[in-house]
Structures are given as structure tokens and as C-alpha cells.
Amino acid sequence: MQNVLSEKEMTRYSRQMFLDKWGSENQQKLKNTTVFVAGAGGSGSPLIEQLALLGFGTIIISDFDEVELSNLNRQSLHDESRIGINKAISAKMTVERINPHVNVIAYPEKITRENVDSLVGEAEVIFDNVDDVEAKLILSECAVKKGIPQVLSSMIDINSYAVILYPPHTPCFNCLYDKEKIQQIAELKSLSTYDDSTKRSNPVSSPALFVSTGFIVNEVLKIILGIGQPAYNKYFLFNQKGSEDIVYTDGHLMITYPFSNHFRNICKEQGFDWNIGWRGKFVEELDIIPDPGCPVCGGK
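Residue numbers restart at each chain and count upward from 1, following the sequence in its written direction. Two thresholds apply to this predicted model, a pLDDT of at least 70 for residue-level local features and 80 or more for giving and counting side-chain atom pairs, whereas whole-chain, interface and lining totals are computed over all residues. Side-chain metrics in this entry use all non-hydrogen atoms of the structure; hydrogen atoms and water are not considered.

1. Structural notes on the overall build of the protein
- Summing up its helical and strand segments, the protein has 12 helices and 8 strands in all.
- In terms of overall size, the protein behaves like a compact globule, its C-alpha atoms giving a radius of gyration of 19 Å where 300 residues would be expected to give roughly 19 Å.
- C-alpha extents for the protein along the principal axes are approximately 55 × 40 × 40 Å.
- Taken over 300 residues, the protein has a buried fraction of 54%.
- By element, 50% of the accessible surface of the protein is carried by carbon and sulfur atoms, the whole surface being about 13,400 Å². Runs of E in the DSSP output that reach at least two residues are strands. Runs of H or I that reach at least four are helices, and both are numbered from the N terminus. Radius of gyration: C-alpha atoms only; globule rule: 2.2 Å multiplied by the number of residues to the exponent 0.38. Exposure is judged per residue with a 1.4 Å probe applied to protein chains only, and the accessible area is read against the type maximum: over 50% gives exposed, under 20% gives buried, and values in between give partly exposed. In these tables, accessible area is a Shrake-Rupley quantity obtained with a 1.4 Å probe, and a residue counts as shielded only by the protein chains included in the view.

2. Focus: the sheet that holds strand β5 (residues 150-156)
- Sheet architecture is open: 8 strands sit in the order β3-β2-β1-β4-β5-β6-β7-β8, paired in mixed fashion. Looking at strand neighbours, the two that pair on one side only are β3 (103-107) and β8 (283-287), the edges of this open sheet. Sheet twist, expressed as the average angle between the axes of neighbouring strands with direction ignored, equals 15°.
- In the sheet, strand β1 (residues 34-38) pairs with strand β4 (residues 126-128) via 3 bridges, with the strands oriented parallel. Across the sheet, the residue bridging to F36 is I126, located in β4. Whether two strands pair comes down to DSSP finding at least two bridges between them. Between the N-to-C directions of two axes lies an angle of 0 to 180 degrees, each axis being a line fitted to C-alpha atoms and, for a helix, fitted only over the stretch in contact.

3. Here's the deal with the pairing of β1
- Taking burial as the measure, the 5 residues of β1 include 5 buried ones, the bulk of the element.
- Side chains of β1 alternate between two faces, with T34, F36 and A38 and V35 and V37 buried alike.
- Where β1 meets strand β2 (residues 58-62), 5 bridges bridge the pair, whose relative direction is parallel. Each residue of the ladder has a partner; that of F36, found in β2, is I60.

4. Considerations on unusual backbone geometry
- Geometrically, the link from P167 to P168 is a cis peptide bond, its omega value of 5° lying close to zero.
- Phi is positive for D157, close to 60°, though the residue is something other than glycine.
- Taking relative accessible area as the criterion, D157 reaches 14% and is therefore assigned buried.

5. Some remarks on helix α12 (residues 261-269)
- Of the positions making up α12, those classed as buried are H262, F263, R264, I266 and C267.
- Its buried side turned inward, α12 meets α8 (173-176), β7 (234-238), α11 (250-256) and β8. Any two residues having at least one pair of non-hydrogen atoms within 4.5 Å are treated as being in contact.

6. What about the nonpolar core?
- Throughout, nonpolar core names a set of buried Ala, Val, Leu, Ile, Met, Phe, Trp, Tyr and Cys residues whose side chains join them through atoms within 4.5 Å. Within the largest apolar cluster, 41 residues are counted, with the highest numbers of intra-cluster contacts made by L51 and F127.
- Elements supplying a minimum of two residues to this core: β1, α4 (44-54), β2, α5 (87-98), β6 (159-165), α10 (207-225) and β7.
- No other element matches α10, which puts 7 residues into this core.
- Beyond its immediate sequence surroundings of up to four residues, F127 is in contact with V35, F36, V37, A38, L47, L51, V151, I216, V217 and V220.
- Counting residues in each nonpolar core, the second largest holds 29 residues, with V163, C172, Y177 and F263 among its members.

7. Digging into the packing of helix α3 (residues 23-31) against α10
- Running from N to C, α3 and α10 point in directions that differ by 105°, and their axes come no closer than 10 Å. On the basis of their axis angle, the class for α3 and α10 is roughly perpendicular. Contacts between α3 and α10 involve N26, K29 and L30 on the former and, on the latter, L221, I224 and L225.
- Just so you know the grouping, Ala, Val, Leu, Ile, Met, Phe, Trp, Tyr, Cys and Pro go in nonpolar, Asp, Glu, Lys and Arg go in charged, and all remaining residues, Gly too, go in polar. For the contact of α3 with α10, the residue count by class is 4 nonpolar, 1 polar and 1 charged. Any angle from 65 to 115 degrees is called roughly perpendicular, while one under 35 is roughly parallel, one over 145 is roughly antiparallel, and all others are oblique.

8. Remarks on the packing of aromatic side chains
- Two rings belonging to Phe, Tyr or Trp (six-membered ring only in the last case) form a pair when the distance between their centres is within 6.5 Å. Interplanar angles under 30 degrees mark stacking, angles over 60 mark edge-to-face geometry, and anything in between is tilted. Enumeration over the complete set of coordinates arrives at 15 aromatic pairs.
- On the numbers, 4.1 Å between centres and 10° between planes, the contact of F173 with Y177 is stacked.
- Judged by relative accessible area, which is 0%, F173 ranks as buried.
- In this structure Y177 comes out as buried when scored by relative accessible area, which is 5%.
- Taking the centre distance of 5.0 Å and the plane angle of 85° together, the rings of F272 and W274 count as edge-to-face. Just as F272 is buried, W274 falls in that class too.
- In this scheme, the term charge over a ring applies when either NZ of a lysine or CZ of an arginine sits within 6 Å of the ring centre and within 35 degrees of the ring normal. It is K181 that lies over the ring of Y257; its NZ or CZ is 4.9 Å from the centre.

9. Focus: the pairing of β2
- Within β2, 5 of the 5 residues are buried, which leaves the element mostly enclosed by the surrounding structure.
- Judged by which residues are buried, β2 turns out to be covered on both faces: T58, I60 and S62 on one side and I59 and I61 on the other are all buried.
- By the criterion used throughout, a crossover qualifies as right-handed when its path from the first strand across the helix to the second strand runs clockwise, the strands pointing away from the viewer. Taken together, β1, α4 and β2 form a β-α-β motif whose crossover is right-handed.
- In this sheet, β3 lies alongside β2 in parallel orientation, the contact comprising 5 bridges. Along β3, the bridge assignment pairs I61 with A106.
- Between the parallel elements β2 and β3, the chain passes through α5 in a crossover that is right-handed.

Dropping the structure here:
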């Protein structure tokens with residue numbers, strides 16, 4: 001049964017409904033769309049806020065972590081009154097204040113192979129904002145099985161990146177990341193641990209997160225509403241560091257360490273080397289292709 005737009009919602013969303021090919025019909029489609037957001041932290045915060053402002057009907061949020069004071073330089077869903085509260089529950093409270101017309105389902109639990117299918121449910125998109133690369137792989141397997149997009153948007157230092165992973169239109173997560181390195185990181189329990197001895201927190205500030213999340217939400221709008229050409233088979237790096245010094249930063253090493261040889265090689269073929277990190281472009285638009293030997297999507 002379809003939920004119908006109320007008079008208040010028609011007024012609330014009127015400015016975006018003026019957009020070409022949007023109108024009330026597509027706004028109605030958004031109201032009847034369910035999305036799954038993994039992670040309500042750094043990139044999850046601006047992303048979830050945008051989904052709420054746009055009027056996505058149901059937002060499922062999963063996060064097992066609690067709000068800490070050190071989160072608040074970038075995690076705008078939360079504030080000091082929420083310290084110690086689960087992030088998914090805090091996110092639900094904020095979204096209900098931003099837009100009372102949105103239904104929010106909060107799951108304060110860790111994503112596992114055992115629960116991922118039930119957590120994602122009938123969602124049409126997975127927004128992947130988790131740091132845990134093992135969880136990303138689990139989300140990838142779920143997305144491929146359900147035939148829905150897994151979209152990533154996050155940051156490296158003051159840079160950020162965004163990519164749509166949606167077989168058979170694009171590669172999957174497993175095509176771009178090395179499973180053995182993911183398993184190694186999982187054993188060390190953190191994306192921020194990338195060798196046998198060193199554990200570091202990922203250095204972050206807020207501006208880059210708004211760049212990549214805004215980009216990926218727009219791409220999902222195109223997929224859901226059928227307007228425009230989605231940026232399939234592209235990996236976008238918003239390269240604001242503007243220097244080869246990026247390769248010496250903790251953030252760059254943390255994010256790029258689990259990249260697959262397949263991904264690194266196709267980037268090199270286009271003239272971009274992740275070990276150098278800068279070739280004079282502030283926006284890198286890198287073509288990506290499936291890995292023919294991928295065990296998850298089969299390279300299709």
C-alpha cells in the first residue's frame with residue numbers, strides 16, 4: 001500500500017519538485033522508498049540528514065557504537081547531550097526533529113553475516129558508512145544477493161571519495177578490495193590498524209564529508225527516480241590535499257591499504273598511482289571495471 005503525500009509534505013518539498021522530471025510523482029516515489037544506512041558517524045551524519053531533508057520515506061539506521069565527545073567535530077547528528085547514547089538511536093532522534101514525515105528504524109547492533117539480511121530488509125539501497133572493512137564485505141555480499149546498490153562515501157585526510165557498487169552495472173566491493181587484507185584487518189579489529197604493530201585513529205574533519213556524501217546522495221536520487229545518468233563504473237576522488245604529501249598521511253594509508261591489485265592496476269593504466277596520490281587534478285574520475293575472478297559478483 002502506497003503512502004500518499006500530505007498537504008504539508010507537498011508544500012515542504014515544493015522547491016525540489018520544481019526540478020526537471022521530479023514533480024509530485026517522483027516525490028511520492030521517495031516517500032515510498034526504504035533505504036538502509038550502515039553507520040551514523042562521520043559520513044553517516046550529513047548523509048542521513050540529506051536523506052531526511054529530501055523526504056525518503058523510511059530510513060533504516062544500524063550502528064552499535066555510542067556517541068563520544070571526540071565525535072562531535074564532524075558527526076552533526078549528535079551533540080553533547082547525547083554522549084553515551086547509541087548512535088543509531090541518537091540519529092533517529094535527530095531525523096525525527098529534522099523531518100517528522102520520515103519513518104526511522106534504529107538498530108543498535110553490529111552488522112554480521114547472520115543478521116545483515118534481516119537488518120537491510122526491503123531496502124532498495126545500502127549506504128555504506130562503516131569503518132569496519134569486514135562489515136563492508138558483508139554488506140557487499142548482501143547487496144549483490146539482493147540486487148541493490150551499495151554506495152560508499154567517505155574521506156581520506158581532507159580528501160574524500162565516492163563510488164556506486166551495483167552489479168551487473170558496475171563492479172562490487174570485492175572487485176576493488178583485497179579479501180586477504182580485509183581478513184587481516186578484521187583480525188586486528190580495526191581499519192585504522194594496517195600493520196602488525198601500529199594502531200591509529202583516522203584523522204578527520206567535517207568539510208570533506210559533505211562533498212562526498214552530497215555527491216553520492218545525488219547519484220542515488222538518479223537511480224531511484226530514473227532521472228539522469230548515474231555515475232556507474234566510476235570512482236571519484238575529491239583530491240583537495242593537492243600534494244604528493246597525501247601518501248605520507250595516516251588517512252591515506254588506512255583507506256588505501258586494502259585496495260586490490262586489480263583496482264590499483266586499472267588506476268595505473270589511466271595514469272593514476274595510489275602510491276603517489278596526486279597528478280595535479282583536484283577531482284579524479286577513475287574508470288573501474290569488474291574483476292573477472294571476483295568470488296562475489298563473478299566479474300559480471
